[in-house]
Amino acid sequence: MKSLAFSLSFACTLALAVAAAIIWFSGESPLALWEALRASLSSEGLGYTLFYATPFVFTGLSVAVSFHCGLFNIGAEGQLYMGTLAVIATATALPHLPPGLAIPLGILAAGLGGASWGCLAGMLKAWRGSHEVIVTILLNFVAYSIVDYSILYLYRDPVSQSPETLKIPGTFSLNTFDELLSPFSVSLFRSTPANLSLVLGIIVALAVGFFLFRTRWGFELRTVGANARVARFAGMNSALSTILALSLSGGLAGLVGVNEVMGHEHRFIQGFSPGYGFTGVAVALLGRNHPVGVICSALLFGLLHNMSREIEFATTHVSKELSLVIQAIIVLAVATQPFLVSLLKRRSRGRAS
Amino acid sequence: MLIEFDKVTKRFPLTTANDSVSFNIALNSIHGVVGENGAGKSTIMKILYGMYSHDSGEIRFRGERVQFSSPLDAIRRGIGMVHQHFMLIPRLTVWENILLGQEGSFWISATERKTPQLKPIFESSGLGFRLTDTVESLSVGQRQQVEILKLLYRESQVLILDEPTAVLTPQETKDLFQRLRQLKAQGKTIVIITHKIAEVLELTDTVTVMRQGRVVAHAPTHTLDAEHLTELIIGQACPPPHPRAQEPPGQPILEVQGISTRSHRAPLNKLKLTVRAGEILGIAGVSGNGQEDLVESIIGLCPLSEGKVQFRGKTMTGSTYERLTGGIALIPPDRLDEAVVPTFSVEFNAILGLHRGARFQKCGILQRTAITKHTETLISDFSVSPPSPVATLGTLSGGNQQKLVVGRALASNPALIIAAYPTRGVDIGATRRIHDELVKRRNSGAAILLISSELDEIMALSDNIAVLFDGYCAALFPRGQATELALGRAMVGAA
């Protein structure tokens, strides 16, 4: 945990320094960064920060689980769309359920929708030997097509000008923090979309941690990830672990649909994800594939996402794509950190002697 | 004196690896550093080589105080090291491996430019391979020669070899020693780190004995004999081996009935073997004659193209898991690639393969208390050091890892034990411990299939010895009738 905190702060400091320099070069004041940070942590901004962090929790966990099995799931993007589609399909098919049933069912549908897509990749990997990176990338495109077709031809809102589905029944909605807190006249999250999906995310993260480190299936999955040959010699079935890992990974990505549909928009808007699935790789990497680390780094990525939005509002020359630059630098800093740290150490040791 | 260690101390979080270590290494000598696993002999050499930095004390090289900040530094000053696990890239040629890190200019192919420099070194050493061979096509012994060539090419004057014979066959060991003597004659200084007493006595001029991080003796080799040296290393007189029960063996437990395999490695060819209860069957053979396939056939990881394997009179068809929990225990041939996960804790490694047992999991949830208790028992039964269930396995020395693997295999009280290279890389005390344990299991009726590259081990433990050559059983000797010479002849197919 100590090294995690170090790697986070190291990466962020470096990234913020570069961001400040970019803003400076665009002719704006680097102080905009500070203003954006303050705004993102204030009451309304905080709500948005948490809202943006939620999908990163799910996709970060998704990628982390596959990493633990030695697999690189680059298909979280497709899986999260399949999960979202499953929520829409379920809600459309069962419009008269009471909320007590509708909400668990919606969450289950999101998980299963994503899991089916991950499972497909897992079976191809385990039984046919296809490389999971290729398979998951390609399945993304299949998912996009299925989802686009479904939005446009099966569930389309006929009066809307944009490609989106009809709204789902209200029984399927999750409360926002604002709705939950307003009876107590707490206005911390006033009119922000942060909702109970984040709580779901945290519960799921703890469950994933328990699964990975405290159950025998998690143990087998991690052993297969560390060395499939050792796993075989210990009598484990590495094919099943592979399928399980990618199914779980897909299911976790699918839960993004809960935040998007049940928590916020109540409908499926075509192309709503700005690459949550792909950013999940960075989130998992920064969080060292540990569930608690993933929550921390998801919050950080949510904050960055929101800050870049704030900066775009506040300045004329800086666009919100700055957040992508910052993300990229964070990833680079984390990836090269062992090297940079040893370089620094050697230099200081050289100086000392 | 070429190298002087003066009160060098190195502490790790859990242990003091070197406690005020002082000794000298003379120019142009072969110096042995011996001791049990974890005695600190590798650590002190790694400090010299710049891989670790020491906490106090000093090291003098050619009379001058030095502290290398990296191996690169040490190499520049003429000190080179061959590690227990070779640092070679299998896909590249011998040439490219030797040049690795010294390629020089980006534009001109280093292989072309530097050929003249290496040719004489290479040709004078008379090795059985070419510079253009890929390393993956070489035997283990040849790979080691490549490592040595690498050092010679870098003009190392001091060659440190860490457990150089751990992976070699008897013949390869002989060749290596020949080569090392030749290098000494050329003026090099050689340090070998080892725990094999016979080798120390045969090869070295002076020897430093270490125990628990301290130097306990430093003497010219000719003043010591095997018994004295053993006593110094383990700190007490060596106890006699566990007595063997004289009962005749019982029912056949494992019957290998004419099996063949089609693997890309060394396949089996109509192999027939029988191991009975209360019997140790030793498998002698040069590695690469079907040992891996034999092990994997028995546990169901290698498909058979003909024949069958019977366990307790029944043909085995189940999965690896069913076999390994149905009375067969395995000490896998390759520790790091088949037996342990170095990044996991000791306790997770201690339940690998046993983890589905009702003791260690309930409804899929791992039972931490039971696991820790089981691990602590293994640790104390086999004196694994450091005695911490939560330590990362990779921080343990190879011998301690192996003790854990052996303990784990024997924990389930199996009817058949497949012990493949059970003492590879393990020190004297632990080897004796493992041998005694195998004999005890034999006495109480377990069938044991012992595969080893050490003839001494095979001859000391086995009731019967089968020689595996080219995938079939080339000869079978009852206990006491096998001589090293006869075995050696059968092992190369000259029986």
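Here's what I pulled together on the structure shown here. (Residues numbered from 1 in each chain as written. Chains lettered and ligands numbered in written order. Predicted model: local features only at pLDDT ≥ 70, side-chain atom pairs only at ≥ 80, totals over all residues. Heavy atoms only, no water.)

### With respect to the overall build of chain A
Rules: We count a stretch as a helix when DSSP gives it H or I for four or more residues in a row; a strand needs E for two or more, and each element gets its number in order from the N terminus. Buried, partly exposed and exposed residues are distinguished by accessible area as a fraction of the type maximum, computed with a 1.4 Å probe on protein chains only: under 20%, between the cut-offs, and over 50%, respectively. A contact between two residues is defined here by any heavy atoms of the two lying within 4.5 Å. Residue burial considers only the protein chains on display, and all accessible areas are found by Shrake-Rupley using a 1.4 Å probe. Asp and Glu count as negative and Lys and Arg as positive, but His and the ends of the chain are not part of the count. Charge positions come from single atoms, namely NZ of Lys, CZ of Arg, CG of Asp or CD of Glu.
When its secondary structure is counted, chain A shows 15 helices and 0 strands. Principal axes of the C-alpha set define a box for chain A whose edges measure 75 × 60 × 40 Å. In chain A, which comprises 353 residues, the proportion classed as buried is 53%. Look at the contacts in chain A between residues 6 or more apart in sequence, and 75% of them connect residues 24 or more apart. Accessible surface, chain A: about 15500 Å² in total, of which carbon and sulfur atoms supply 68%. A gap of 20 Å separates the mean positions of the 21 positive and 16 negative side-chain charges of chain A.

### Here we look at helix α3 (residues 43-68) of chain A
Residue and element names in this part refer to chain A. Test applied: Every helix has an expected span of 1.5 Å times one less than the residues it contains.
Look at α3: 37 Å from first C-alpha to last across 26 residues, which is about the 38 Å you get at 1.5 Å a residue. A large share of α3 lies buried, amounting to 22 of its 26 residues. Phi for Gly70, located one or two positions after α3, is positive at around 75°.

### A word on the packing of α3 of chain A against helix α11 (residues 238-254) of chain A
Residue and element names in this part refer to chain A. For the record, the criterion: Working convention: axes come from line fits to C-alpha atoms, limited for helices to the stretch in contact. Angles between N-to-C directions cover 0 to 180 degrees. An angle counts as roughly parallel when it lies under 35 degrees, as roughly antiparallel when it exceeds 145, as roughly perpendicular when it falls between 65 and 115, and as oblique in every other case.
Running from N to C, α3 and α11 cross one another at 175°; their axes reach a closest spacing of 7 Å. It follows from the interaxial angle that α3 and α11 lie roughly antiparallel. Every residue of α11 that contacts α3 at Phe58, Leu61, Ser62, Val63, Val65 and Ser66 is listed here: Ala245, Leu246, Leu248, Ser249, Leu252 and Ala253.

### Comments concerning the environment of Ile283 of chain B
Residue and element names in this part refer to chain B. Inspection of the secondary structure puts Ile283 in strand β13 (residues 280-284). Spatially, the C-alpha atom of Ile283 lies 8.7 Å from that of Ser453, the residues being 170 residues apart in sequence. Apart from the residues lying within four places of it in its own chain, the contact partners of Ile283 are Leu273, Leu294, Leu449, Leu450, Ile451, Ser452, Ile458, Ala466 and Leu468.

### Topic: the nonpolar core
Stated formally: Residues belong to a common nonpolar core when they are buried Ala, Val, Leu, Ile, Met, Phe, Trp, Tyr or Cys residues joined through side-chain atoms within 4.5 Å.
The biggest cluster of nonpolar side chains holds 105 residues, and the ones touching the most others in it are Leu61, Phe219, Phe268, Leu286 and Ile330 of chain A. The contact partners of Leu61 of chain A, leaving out residues within four places of it in the chain, are Phe56, Gly201, Val204, Ala205, Val208, Leu252, Pro291 and Val294 of chain A. Counting residues in each nonpolar core, the second largest holds 33 residues, with Val256, Val275, Ile418 and Leu449 of chain B among its members.

### As for the sheet that holds strand β1 (residues 3-11) of chain B
All names here are of chain B. Keep this limit in mind: The pairing criterion is simple: DSSP has to find at least two bridges between the two strands.
Spatial ordering of the open sheet is given by β2-β1-β4-β5, a layout of 4 strands whose pairing is antiparallel. Taken across any chain shown, the strands that pair with only one partner, and hence form the sheet edges, are β2 (16-25) and β5 (64-66). This sheet shows a mean twist of 30° between the axes of neighbouring strands, independent of strand direction. Here β1 runs beside strand β4 (residues 56-61); their pairing, made up of 5 bridges, is antiparallel. For Asp6, the partnering residue across the bridge sits in β4 and is Glu58.

### Concerning the sheet that holds strand β7 (residues 158-162) of chain B
Residue and element names in this part refer to chain B. Judged by pairing direction, the sheet is mixed, and its 6 strands sit side by side in the order β6-β7-β8-β3-β9-β10 without closing on themselves. Of all strands in the sheet, those bounded by a partner on one side alone are β6 (79-82) and β10 (214-220). Going from strand to strand, the sheet's axes swing by 15° on average, the running direction of each strand aside. Here β6 pairs with β7 via 4 bridges, running parallel. Across the sheet, the residue bridging to Gly80 is Leu159, located in β7. Against the sheet, helix α5 (residues 140-153) touches β6 and β7, its axis set at about 170° to β6.

### Some thoughts on the interface of chain B and chain A
Condition: Accessible surface is computed with a 1.4 Å probe, and the buried area is the amount of it that two parts give up when combined, taken over both parts together. By definition, a salt bridge exists where a carboxyl oxygen of Asp or Glu is found within 4 Å of a side-chain nitrogen of Lys or Arg.
Across the boundary between the two partners, chain B contributes 33 residues, which contact 22 residues of chain A. Interface area, chain B with chain A, both sides summed: about 2300 Å², of which 61% is carbon and sulfur. Remark: the boundary between chain B and chain A carries 4 salt bridges. Between Arg229 of chain A and Glu296 of chain B there is a salt bridge, and its shortest N-O distance comes to 2.8 Å.

### Looking at the packing of aromatic side chains
How we decide: To pair, rings of Phe, Tyr and Trp, with the six-membered ring standing in for Trp, must have centres within 6.5 Å; the planes then decide the type, stacked if under 30 degrees apart, edge-to-face if over 60, and tilted in the middle. Counting as a charge over the ring demands two things of the Lys NZ or Arg CZ atom: a distance within 6 Å of the ring centre and an angle within 35 degrees of the ring normal.
Inspection of the entire model under this criterion finds 18 aromatic pairs over all chains. Seen in terms of ring centroids, Phe344 of chain B and Phe348 of chain B are 6.4 Å apart; in terms of plane orientation they differ by 70°. Their pairing is edge-to-face. Each member of the pair, Phe344 of chain B as well as Phe348 of chain B, carries the same accessibility label: buried. Members of the aromatic cluster, each reached through a chain of ring pairs, are Tyr81, Phe141, Tyr144, Phe268 and Phe272 of chain A. Taking the ring centre of Tyr48 of chain A as reference, the NZ or CZ of Arg309 of chain A above it sits at 4.5 Å. Against the face of Phe382 of chain B rests Arg433 of chain B, its NZ or CZ located 4.7 Å from the ring centre.

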